[in-house]
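Descriptive structure summary
Now for the letters of each chain:
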Amino acid sequence: MTWSEMHPLLTQAGGETLRMVAWATVISVAAGLPTGVLLVLTDRGGLLRCLPVNRVLGVVVNIGRSLPFVILMIALMSFTRAIVGTTIGWEAAVVPLAVGAIPFFARLVETAVREVDHGLVEAVQAMGGSTWTVVRKVLLPESLASLIAGATTTVIALIGYSAMAGVVGGGGLGDLALRYGYQRFETGFMWVIVAVLVVVVTLVQLAGDFAARTVSRRGRSGAAPRLRLLRTSAAS
């Protein structure tokens, strides 16, 4: 297969992969961030201590993380059809991608938030700050670099999941590799697809690392950033 034949196929499949990963990332972050924060707040010693809620939420997250993605796609076919009207194509692949990534990202958020210095939380509470103030002024800003690193890890995992989505007609580069590399024995084309995925993953990782380092440096720069944070919290 010549490059002139590969190029339009790669362009279309690459666009499908980027779209499904982008939409799944947005949904995963939107749902996984509050879920991870809630896991911390409702745990022992949390600001909203409620062990029954914490345990139920933890079980749901653990179940979501334990299911292999291929099995999850098959299990969610009826749900996917109800949401997007089909089980084929990149739009349909977004549903299982997001469902599989939400618990994954939620655990990363939980880990990042737990690393925040509890002394800052107590200081804001002593100043009369509400739970929302603590989350908005302390937990999220202080864990931002770790949250960016977690989002980067999630995006890379979604790229891998999107390749597996091709097994059930999810479109994208995975579907292209299956149809041409496996079914038509176009081994050279398959390795081109692998190289494209490696490049995409590398670029995502570099961008995520750069963003995390930038946020981390900004957090350490300036005069007494933590005291400034507390003053802002007190003013609110």
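Residues numbered from 1 in each chain as written. Predicted model: local features only at pLDDT ≥ 70, side-chain atom pairs only at ≥ 80, totals over all residues. Heavy atoms only, no water.

Notes on the nonpolar core
Formed by 26 residues in total, the largest nonpolar core has its most connected members in Leu 10, Met 20, Leu 97, Leu 176, Phe 189 and Ile 193. Listed by contribution, the elements that provide at least two residues to this core are α1 (3–41), α3 (69–75), α5 (90–114), α8 (144–165), α9 (172–182) and α10 (187–220). Leu 176 has contacts with Leu 9, Leu 10, Ala 13, Gly 181, Phe 189 and Ile 193, leaving out every residue within four places of it along the chain. Core analysis: the second largest hydrophobic core is formed by 16 residues, Val 37, Leu 41, Leu 120 and Val 135 among them. (Core = buried A, V, L, I, M, F, W, Y, C linked by side-chain atoms within 4.5 Å. Buried < 20%, exposed > 50% of the residue type's maximum accessible area, 1.4 Å probe, protein only. Helix = DSSP H or I, 4+ residues; strand = E, 2+ residues; numbered from the N terminus. Contact = heavy atoms within 4.5 Å.)

Some thoughts on the pattern of salt bridges
Going through the model one piece at a time under the given rule, you end up with five salt bridges. Two residues, Asp 43 and Arg 55, come together in a salt bridge whose shortest N-O distance is 3.9 Å. With Asp 43 in the loop between α1 and α2 (51–66) and Arg 55 in helix α2, this residue pair connects regions lying 12 residues apart in the sequence. Judged by its relative accessible area of 38%, Arg 55 falls in the partly exposed class. Ionic pairing is found between Arg 114 and Asp 43, a salt bridge with its closest N-O pair at 2.8 Å. With a gap of 71 residues between them, Arg 114 in helix α5 and Asp 43 in the loop between α1 and α2 connect regions that are remote in the sequence. Judged by its relative accessible area of 39%, Arg 114 is partly exposed. (Salt bridge = Lys/Arg side-chain N within 4 Å of Asp/Glu carboxyl O.)

Considering a nonpolar patch on the surface
The grouping of Phe 79, Ile 83, Val 84 and Val 99 at the surface amounts to a nonpolar patch, some 320 Å² of accessible area in total. Considering every element that reaches the nonpolar patch, the biggest residue donor is helix α4 (residues 77–84), with three residues. Along the polypeptide, Val 99 turns up in helix α5. (Patch = residues over 30% accessible without salt bridge, like charges linked within 9 Å, V, L, I, M, F, W, Y side chains within 5 Å. Areas by Shrake-Rupley, 256 points an atom, 1.4 Å probe, with all protein chains shown as cover.)

Describing α8
End to end, α8 covers 31 Å across 22 residues, agreeing with the expected 32 Å (1.5 Å per residue, within 8%). All of the buried residues in α8 are Leu 147, Ile 148, Gly 150, Thr 152, Thr 154, Val 155, Ala 157, Leu 158, Ile 159, Ser 162 and Ala 165. (Expected span 1.5 Å × (residues − 1).)

Let's talk about the packing of helix α6 (residues 118–126) against helix α7 (residues 131–142)
Contact geometry for α6 and α7: axes closest at 10 Å, N-to-C directions at 160°. One finds that α6 runs roughly antiparallel with respect to α7. Both α6 and α7 take part in a crossing whose hand is right-handed. Only Thr 133, Val 134, Val 138, Leu 139 and Glu 142 of α7 make contact with α6, whose side of the interface consists of Leu 120, Val 121, Val 124 and Gln 125. Per-class residue counts for the contact of α6 with α7 are six nonpolar, two polar and one charged. (Axes fitted to C-alpha atoms, helices over the stretch in contact; angles between N-to-C directions. Parallel < 35°, antiparallel > 145°, perpendicular 65-115°, else oblique. Left-handed = near helix turned anticlockwise from the far one by under 90°. Nonpolar A, V, L, I, M, F, W, Y, C, P; charged D, E, K, R; others polar.)

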